Amino acid sequence: MNFLKTIVAAGLVAASTTTAFAADITGAGSTFIFPVLSKWADAYKKESGSGVNYQSIGSGAGIKQIQAKTVTFGATDAPLKADQLQKDGFAQWPMVMGGIVPVVNVEGVKAGELVLDGATLADIFIGKITKWDDAAIKKLNPSAKLPSDAISVVHRADGSGTTFNFTNYLSKTSADWKSKVGEGTAVEWPVGVGAKGNEGVAGNIAQTKNSIGYVEYAYAKQNKLTYTKMVNKAGKTVEPTNETFQAAASNADWTSAPGYYLILTDQPGDKSWPIVATTFVLMHKDAVDKAASQEALKFFKFAFEKGAKSAEELDYIPMPDNVVKLIEKTWSADIKS
């Protein structure tokens, strides 16, 4: 967590120290994108002098702030549908993709040693499976030494796009979950304790023995959390890596998606990681502060052109070049300068 806070101090909350000629760029929302957005912001500040003041407060709160016109852009991992975009006067586009991973804190279990599938994961989060040595978990992990201790479930407490994608996946793999809980940025969790942001879930898991939660992969990596493997739609056991995230993302047909609305969970393919999400940027087509709006577009253009390496270093998947060109056409057509 200190690593991320240091980046915020150095790069993101830099709007107050920008040059007199640089427009402040303000944004709020997704905690999923925060690790890579902070790197982009730091690099952009050094190159342009313009700072990015981004509040990592969750997708739901980010949508509310852009709707209230208190920020230049919002970021959400739960895309808005075309009718909602039209109602709010928003342009929307995908900025980056990445994996969501189950993380556990079980004594003696190392990263990648435990295997779960969608149905078992759903049964844990719905409260049907309550002990680590449950028969369903043991069936997937016949050689693992699992305790008979109770499972402590940790979930998001705030409106979260990470939750939207996670519950979307559980709804696709468990009829019980779909009928009793469903999907959304916020749901009525049957069991567990809530934590705010990917940061909060990561911190809670690190401190709680016999716990399980879900976070964006960069948080698992940076906090040295124990992630699990997953059985994907093809029935193959896969590990969370750039390769498996990319395999799932390769199925994305952005050109045929109105408003770029596309959910990348439970994708086919032997190598596909089953819970891949996208962070979408929301901006007003006719912004009140057009100078800030244009500066934000310059920042996003910079991120697309020069931010791929830093994204990959954090195991995010950059948007393909052909999609970036499509997005830039969207900017020209939709956003008034």
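How each quantity is defined
Residues numbered from 1 in each chain as written. Predicted model: local features only at pLDDT ≥ 70, side-chain atom pairs only at ≥ 80, totals over all residues. Heavy atoms only, no water. Axes fitted to C-alpha atoms, helices over the stretch in contact; angles between N-to-C directions. Helix = DSSP H or I, 4+ residues; strand = E, 2+ residues; numbered from the N terminus. Parallel < 35°, antiparallel > 145°, perpendicular 65-115°, else oblique. Contact = heavy atoms within 4.5 Å. Nonpolar A, V, L, I, M, F, W, Y, C, P; charged D, E, K, R; others polar. Buried < 20%, exposed > 50% of the residue type's maximum accessible area, 1.4 Å probe, protein only. Polar contact = N/O pair within 3.5 Å; in protein donor to acceptor, adjacent residues only side chain to side chain. Pairing = 2+ DSSP bridges. Phe/Tyr/Trp six-rings, centres within 6.5 Å; stacked < 30°, edge-to-face > 60°. Core = buried A, V, L, I, M, F, W, Y, C linked by side-chain atoms within 4.5 Å. pLDDT = per-residue confidence, 0-100. Expected span 1.5 Å × (residues − 1).

Asker: I keep staring at the packing of helix H12 (residues 290–306) against helix H14 (residues 321–334) and nothing clicks. Help me out?
Answerer: To characterise two packed helices, one gives the angle between the axes of the helices and the distance between these axes. Direction vectors running N to C along H12 and H14 enclose 170 degrees, while the axes themselves pass 11 Å from each other. Taken as axis vectors, H12 and H14 run roughly antiparallel relative to one another. The residues of H14 that touch H12, namely those facing Leu297, Phe300, Lys301, Phe304 and Glu305, are Val324, Ile327, Glu328 and Trp331. Here the contact of H12 with H14 is composed, by residue class, of six nonpolar, no polar and three charged.

Asker: Please clarify how the side chain of Ser174 should be interpreted in this entry.
Answerer: Tracing the sequence through the fold places Ser174 in the loop between helix H7 (161–173) and helix H8 (175–180). The exposure class assigned to Ser174 is buried, which follows from its relative accessible area of 8%. At 3.0 Å, the side chain of Ser174 and the backbone nitrogen of Trp177 are in polar contact.

Asker: Mind showing me how you'd approach the pairing of strand E6 (residues 152–156) here?
Answerer: The buried count for E6 comes to four of five residues, which makes it a mostly enclosed element. Across two bridges, E6 lies against strand E8 (residues 211–216) in parallel orientation. Each residue of the ladder has a partner; that of Val153, found in E8, is Ile212. Pairing of E6 with strand E7 (residues 193–195) involves three bridges; the strand directions are parallel. When the bridges of E7 are listed, Val154 appears paired with Val193.

Asker: Help me out: how do you make sense of helix H3 (residues 59–67) in this one?
Answerer: Note that an α-helix has 3.6 residues per turn; residues three or four places apart therefore point the same way. Three or more residues of H3 are buried, namely Ser59, Gly60, Gly62, Ile63, Gln65 and Ile66. In this structure, the buried side of H3 is in contact with strand E1 (25–29), strand E2 (52–56), strand E3 (73–76), strand E4 (90–105), H7 and strand E12 (276–284). Among the residues trailing H3, Lys69 stands out with phi positive, at a value near 60 degrees.

Asker: What is the right way to look at the environment of Pro268 in this model?
Answerer: With respect to the helices, strands and loops of the structure, Pro268 is situated in the loop between helix H11 (242–249) and E12. A relative accessible area of 43% places Pro268 in the partly exposed class. For the pair Pro268 and Val101, spaced 167 residues apart in the sequence, the C-alpha separation amounts to 18 Å. Setting aside its immediate chain neighbours within four residues, Pro268 contacts Lys233 and Asn251.

Asker: Honestly, the packing of aromatic side chains in this entry has me stumped. Any pointers?
Answerer: The description of an aromatic ring pair rests on the distance of the ring centres and on the angle between the ring planes. Considering all chains together, one arrives at 19 aromatic pairs under this definition. Here the aromatic cluster, defined as three or more aromatic residues joined through ring pairs, consists of Tyr44, Tyr54, Phe73, Trp93, Phe299, Phe300, Phe302, Phe304 and Trp331.

Asker: Where do I start with the environment of Phe280 in this structure?
Answerer: Following the sequence through the fold, Phe280 ends up in strand E12. Taking the C-alpha atoms as reference points, Phe280 and Ile33, separated by 247 residues in sequence, lie 9.3 Å from one another. Excluding residues within four positions of it along the chain, Phe280 makes contact with Gly74, Ala75, Thr76, Pro79, Gln92, Trp93, Pro94, Met95, Trp254, Tyr260 and Leu262.

Asker: Sorry if this is basic, but what is going on with the nonpolar core here?
Answerer: Within soluble globular proteins, side chains that are nonpolar tend to cluster in buried spots. Counting residues in each nonpolar core, the largest one holds 91 residues, and the members touching the most others are Trp40, Trp93, Phe125, Ile212 and Phe300. In terms of residue count, E4 provides more of this core than any other element does, nine residues in total. Discounting chain neighbours no more than four positions away, the residues touching Trp40 are Ile33, Met95, Val96, Phe299, Phe302, Ala303, Gly307, Ser310 and Ala311. Ranked by size, the runner-up nonpolar core spans eight residues in total, among them Ile66, Val71, Leu85 and Phe90.

Asker: Mind showing me how you'd approach the sheet that holds strand E5 (residues 115–117) here?
Answerer: Read from one edge to the other, the open sheet built from three strands follows the order E5-E10-E11, with strand pairing classed as mixed. Each end of this open sheet is capped by a strand with a single partner; those strands are E5 and strand E11 (237–238). Judged from the three bridges that link them, E5 and strand E10 (residues 229–231) form a sheet pairing that is parallel. Looking across to E10, one finds that Asp117 is bridged to Val231. Strands in contact with helix H5 (residues 118–126) are E5 and E10; relative to E5, the strand with the most contacts, it is inclined by about 85 degrees.

Asker: Teacher, can you tell me more about the confidence of the model for the chain here?
Answerer: Where the model shows low pLDDT, its predicted coordinates should not be examined in detail. The pLDDT averaged across the chain works out to 92; a share of 93% of its residues lies at or above 70. Confidence drops under a pLDDT of 50 for residues 1–11, and excluding neighbours within four residues, the segment shows 16 contacts in the predicted structure. Under a pLDDT of 50 for its full length, residues 13–21 has, in the predicted model, 15 contacts with residues more than four places off or in other chains.

Asker: Honestly, the side chain of Asp315 in this entry has me stumped. Any pointers?
Answerer: The residue Asp315 is located in the loop between helix H13 (308–313) and strand E13 (316–318) in this model. Among the polar contacts listed, one links the side chain of Asp315 to the side chain of Lys221, at a separation of 2.3 Å. Once you skip the residues sitting within four places of it in the chain, Asp315 turns out to touch Tyr217, Lys221, Asn242 and Phe245.

Asker: What exactly am I supposed to notice about H12 here?
Answerer: The end-to-end C-alpha separation of H12 is 24 Å, in line with the 24 Å expected for 17 residues at 1.5 Å each. Listing the buried residues of H12 in full gives Ala292, Ser293, Glu295, Ala296, Leu297, Phe299, Phe300, Phe302, Ala303 and Phe304. If you check the start of H12, you find a side-chain oxygen 3.3 Å away from the backbone N of Ala291, and it comes from Asp289.

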